[in-house]
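Chain by chain, the residues:
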Amino acid sequence: MDEASELTTTYNIDAQEVAEVIAELEQYRERLVQETMETAKRAKLMRVNVMAKLEPELVKIDSALQELRNQQAALNLSN
């Protein structure tokens, strides 16, 4: 049994639920960047420095998004 089908069986997840989580995580990512940049602007911090600090978190989010998209694709194939 592959990981996606194991997750599906264990948690009874459907593609719609995964799509909702993806959308929420994408919104969170966008909000994080936007709010961080607005705060940095008010504090008169350089954009490049702020993005360098934010990048590790964005990498984690992007990785989670990719895993979710892979899971969604596996669910769509199995249906």
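Here, the structure is the one placed above.
Residues numbered from 1 in each chain as written. Predicted model: local features only at pLDDT ≥ 70, side-chain atom pairs only at ≥ 80, totals over all residues. Heavy atoms only, no water.

## What to know about helix α3 (residues 47–78)
Between its first and last C-alpha atoms α3 spans 44 Å; for 32 residues at 1.5 Å apiece the expected length is 46 Å, and the two agree. The largest bend along α3 measures about 40° and falls at Glu55, with the proline Pro56 one to four residues further on. Taken together, the buried positions of α3 are occupied by Val50, Leu54, Leu58, Ile61, Leu65, Leu68, Gln71 and Leu75. (Helix = DSSP H or I, 4+ residues; strand = E, 2+ residues; numbered from the N terminus. Expected span 1.5 Å × (residues − 1). Bend = angle between axes of the 7 residues up to and from the residue. Buried < 20%, exposed > 50% of the residue type's maximum accessible area, 1.4 Å probe, protein only.)

## Regarding a negative patch on the surface
Together, Asp14, Glu17, Glu20 and Glu24 make up a region of like negative charge exposed at the surface. Counting through the fold element by element, Glu20 comes out in helix α2 (residues 15–42). Taking the relative accessible area as the measure of exposure, Glu20 reaches 42% and is therefore partly exposed. (Patch = residues over 30% accessible without salt bridge, like charges linked within 9 Å, V, L, I, M, F, W, Y side chains within 5 Å. Areas by Shrake-Rupley, 256 points an atom, 1.4 Å probe, with all protein chains shown as cover. Salt bridge = Lys/Arg side-chain N within 4 Å of Asp/Glu carboxyl O. Lys, Arg positive; Asp, Glu negative; His and termini not counted. Charge placed at Lys NZ, Arg CZ, Asp CG, Glu CD.)

## Quick word on the pattern of salt bridges
According to the stated counting rule, one finds two salt bridges in the structure shown. As a salt-bridge pair, Glu26 and Arg69 come within 2.4 Å of each other at their nearest N and O atoms. Within this pair, whereas Glu26 is found in helix α2, its partner Arg69 is found in helix α3, the two being separated by 43 residues in sequence. Judged by relative accessible area, which is 35%, Glu26 ranks as partly exposed.

## Section: unusual backbone geometry
At Lys44, a position not held by glycine, the phi torsion is positive, near 60°. Residue placement: Lys44 occurs in the loop between α2 and α3. Given the relative accessible area of 75%, Lys44 is considered exposed.

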